[in-house]
Each structure stands twice: as structure tokens, then as C-alpha cells.
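Close look at the chain arrangement
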Amino acid sequence: MATNDMGLEQLSDRQLMLELQDGNQAALELLLSRYKSKLFNTIYRLIQDRETAQDILQETFLRVYRERKSYNPVYCFSTWVYTIALNLTKNEMKRRTRWRFFGLAPSENHSHPVGNGGGHLGYLLEQAINKLPDRYKIVLVLRDISQLSYEEIAQSLRLPLGTVKSRVNRARLMLQQTLKPKLENYERLWKS
Amino acid sequence: MRGCGRVKKLISCYLEKDLDPGLQQEIAEHIKFCSECYETEKTLKRISAIARDLPEEEPSFDLAEKVMEKVGFANESIPRTTRVFPAIRRWVWAMPATAALVVLLFLIDTRLNRDSVQLMDQQEQSISQQNTLQDQTVIPEGPVEFVIDNWNPGTRSQVASSNQSLSDSQMLGSAGWPADSLPASFRMYVMPVAQNQMTGTTTRRPY
Ligand SMILES: [Zn+2]
């Protein structure tokens, strides 16, 4: 399957994976450019550490390359790549939970604290998300920040669709409880 | 109001208009007359808007270059990495260093305490007992687990058998430490070592 690089851009993700399976490394570069931003954003929102998120993303694409032969084109590439990235991310989250237990959690580099980027409300939301238990945090970030469909989340995490829906709902209600008084305070201050 | 629990279970699907029309309508009616569910709906909509407005974080510009370099370099056989991510790696050195420092301070403090207790008691016997115990200390080569049954420098402790596994709280409970008042890292690493130094017993736990 010899396709020149100009032609590659017209190909779907699936077709690019077939190109990669045939040894065309340019296909990997293109997949990387299509997915790096959304994957990085998802991983970063879960880990809250740029450097580690960058490492996980790099490792994700190395695995895409290494495991390219095991990719089955019947399935969606995005689900496959999210599964790889999320497995790495979940491992890192578990590791961090253990370290936190020993009181030695690495620092979390918030890239935009109060009044920057997402603004103060964004900051409040990030804080509240970080306090969620991991299983709720993951589905909430995938649904409400990465905007994945419930089906995509279920496939990427290999969870039943019903479980994903109820976890998202539960996570939103937890956030609602934490954030309600903070949002009200913020609005009161804003009005005065 | 009746039915609030049901509404809360379905509220995400309701907001995403993912329910049968009849059910969608039923929940809309409930929310119209229930102030609590109305407030919940309002806050959830607000949160969803804030989440959508969060800026998208971008990876560093040289990511693709780094990946392609590794792929090109290793080509068919990129080694499987069982690596520690850098953020964690930065902390690796800190743990033994901190533990060593605290143990040192602890030992100095213990030594002083022990000396003063011994002076007060004037019991030569306790000194000789401690000397004997110190001679029995095993220097561990691998990870070790300590179990101390009595917080008393003069009492020989019971040593856990090598296949016995005890939880953190069991270890602390048996030691009589005020477990909750200390940080987890101190409880897990420093306390057992310090206690062991005082009673002079250790046991090696197999890998
Ligand atoms: Zn209600």
C-alpha cells in the first residue's frame, strides 16, 4: 500500500493504521497530530501534572507503534488509542494514590490557577474534580471535558454502558454538592 | 417532595435529552414544582458550561519529534519500559533520605531518654538486658516487616513470623502508638525502624 504523504492526509484513522501495519511510519506521525491534543488534555485533566501527562502520551504512541499488528481495523482507532492511554493513566493514578498514602505524593502542577485560563470558576471545578474518587473522576473527565460519547467511554474503559452512565450521573451529583455553595459565594461576591 | 431520588438518578440523561419522551416530560414536570431538584438542575447546567469552557491543554511542540525519533531508533524492537514517571522519580531519593534523618534524630532522642530513665531506676540489670538484645539484632538485606507488641524500650518484642502479614493499623494498634496523630509516611517507615532500634529485634520478610 504505497501512498504518498499528501494522500495520507485524506485517509481515515483506520486506513492510517493499515498503512502503519504495512511499515509506513509517516502514518504514525499523522495519527499523532490528529490525537495528541485531545489525548493530552484528557490525561492532563486526570493527572494534573504536565510532565507526567507528556510522558504518558509519548508512551501511548510508542505502544500504538509497538502493538500496531494487534490493532483490528474492525474497531475504531480512537477507542483503541484511548484504551491504551487510559490504562497508562489509571496505573499512574493508582501509583499516586499509593504515594499519597505514604504522604509522598508528587506535586501537582496546576497550569492555570486562579484568574487565568479557565478563570476562577474553572479553577474551582478543577479542584472539585480532583477530589472525586478515581473511578468517578475518569468517567466525568471523559464525558464532560473530553466530550466522548457514553459508548466511546464504555468501550475505552471496557465497562458496561449502564455502569458508565450511572457513574457519570453520580460524579456530577458529587460535583454539584461540592460546588453549589462555592458557586453561590462567587456569585454573591460578583454581584456586590 | 416525592420522587426526588428517582429524578436524581435520571437527571444526567434528562439534561442530555436521552430519555423516552414520556419520562423526559415527567421529570420536567417534577422539576417545575420541586425547588430542590430545580436547584440541582441549575447547578448541573452551570457546571457543564464551566467544564466546556476549560481551556484545552496542549502537549509540548516537540512531542511528535520525540516519538518518531524513538520509533526510528528502535524500529522493530522498542524495549518495554517499566519505568517510573519523572514526577515520581523526583521523589524517590527523598524518601530514604528523610527516613534516615528522622531515624537519626529519633535515636539521639531515644538514647537520651533511655539514659535518663536508667539513671532514675538505677537498675544495672536493664542495661545488661539491652546489651544482650542489641547483640541479637539481625541486619536486614531486603524489605523487612516489624511488629512491636509493647511500647517499652526495656521489653523484648514479639517478632512476626515471616509469612505473617499484618495491616498498618494492626501494627500500630499493637505498638500502642497514637496512630492518627502521625503522617502516613512516618507510621509506615520511620516508626517501625525506630521501634526496632529500641527493642533490638527484626525479622526478614521474604520477597
Ligand atoms: Zn425533587
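Data block above holds the structure.
Residues numbered from 1 in each chain as written. Chains lettered and ligands numbered in written order. Predicted model: local features only at pLDDT ≥ 70, side-chain atom pairs only at ≥ 80, totals over all residues. Heavy atoms only, no water.

1. Looking at the coordination of the zinc ion
All names here are of chain B. Only C4 (SG), H30 (NE2), C34 (SG) and C37 (SG) from the protein coordinate the zinc ion, and they sit 2.1 to 2.3 Å from it. What the 4 donor atoms of the zinc ion show is an angle range of 101 to 116 degrees at the metal, which sorts the shape as tetrahedral. Along the chain, the residues donating to the zinc ion fall in the pattern C-x25-H-x3-C-x2-C. Of the two residues, C34 and C37, neither departs from the other in class, the shared state being buried. (Donors = N, O, S within 2.8 Å, 3.2 Å for Na, K, Ca; no water. Tetrahedral: all angles 85-135°; square planar, octahedral: opposite > 155°, others 65-115°. Buried < 20%, exposed > 50% of the residue type's maximum accessible area, 1.4 Å probe, protein only.)

2. Looking at the pattern of salt bridges
Between side chains of opposite charge, pairing is possible as soon as their charged atoms come close. All chains considered together, the criterion is met by 21 salt bridges over all chains. Across the salt bridge formed by R96 of chain A and E92 of chain A, the nearest N and O atoms sit 2.8 Å from each other. In this pair, R96 of chain A and E92 of chain A both sit in helix α5 (residues 77-101), 4 residues apart, roughly one turn of the helix. For the pair formed by R96 of chain A and E92 of chain A, the shared burial category is buried. Through salt bridges with shared partners, a single network forms among R45, R50 and E126 of chain A together with E57 of chain B. (Salt bridge = Lys/Arg side-chain N within 4 Å of Asp/Glu carboxyl O. Helix = DSSP H or I, 4+ residues; strand = E, 2+ residues; numbered from the N terminus.)

3. Description of unusual backbone geometry
Unlike most non-glycine residues, Q48 of chain A shows phi in positive territory, near 60 degrees. We classify Q48 of chain A as buried; its relative accessible area is 1%. In the Ramachandran plot, K17 of chain B falls in the positive-phi region, its phi being about 50 degrees despite a non-glycine side chain. By secondary structure assignment, the location of K17 of chain B is in the loop between α1 (4-15) and α2 (21-33). When its relative accessible area of 69% is taken as the criterion, K17 of chain B is described as exposed.

4. So, the nonpolar core
In this structure, L28, F61, V64, F77 and L125 of chain A are the most contacted members of the largest nonpolar core, which totals 68 residues. The biggest single contributor to this core is helix α3 (residues 26-47) of chain A, with 12 residues. Beyond its immediate sequence surroundings of up to four residues, F61 of chain A is in contact with L28, L31, L32, Y35, L39 and V81 of chain A together with V67 of chain B. One finds C4, V7, I11 and I27 of chain B within the second-largest nonpolar core, a separate group that totals 12 residues. (Core = buried A, V, L, I, M, F, W, Y, C linked by side-chain atoms within 4.5 Å. Contact = heavy atoms within 4.5 Å.)

5. What about the packing of α5 of chain A against helix α8 (residues 150-157) of chain A?
All names here are of chain A. Contact geometry for α5 and α8: axes closest at 8 Å, N-to-C directions at 60 degrees. Relative to α8, α5 is oriented oblique. Where α5 crosses over α8, the two elements pack in a sense that is right-handed. Side by side, α5 and α8 meet where S78, T79, Y82, T83, L86 and K90 of the first sit next to E152, Q155, S156 and L157 of the second. Across the contact of α5 with α8, the residue classes break down as 3 nonpolar, 5 polar and 2 charged. (Axes fitted to C-alpha atoms, helices over the stretch in contact; angles between N-to-C directions. Parallel < 35°, antiparallel > 145°, perpendicular 65-115°, else oblique. Left-handed = near helix turned anticlockwise from the far one by under 90°. Nonpolar A, V, L, I, M, F, W, Y, C, P; charged D, E, K, R; others polar.)

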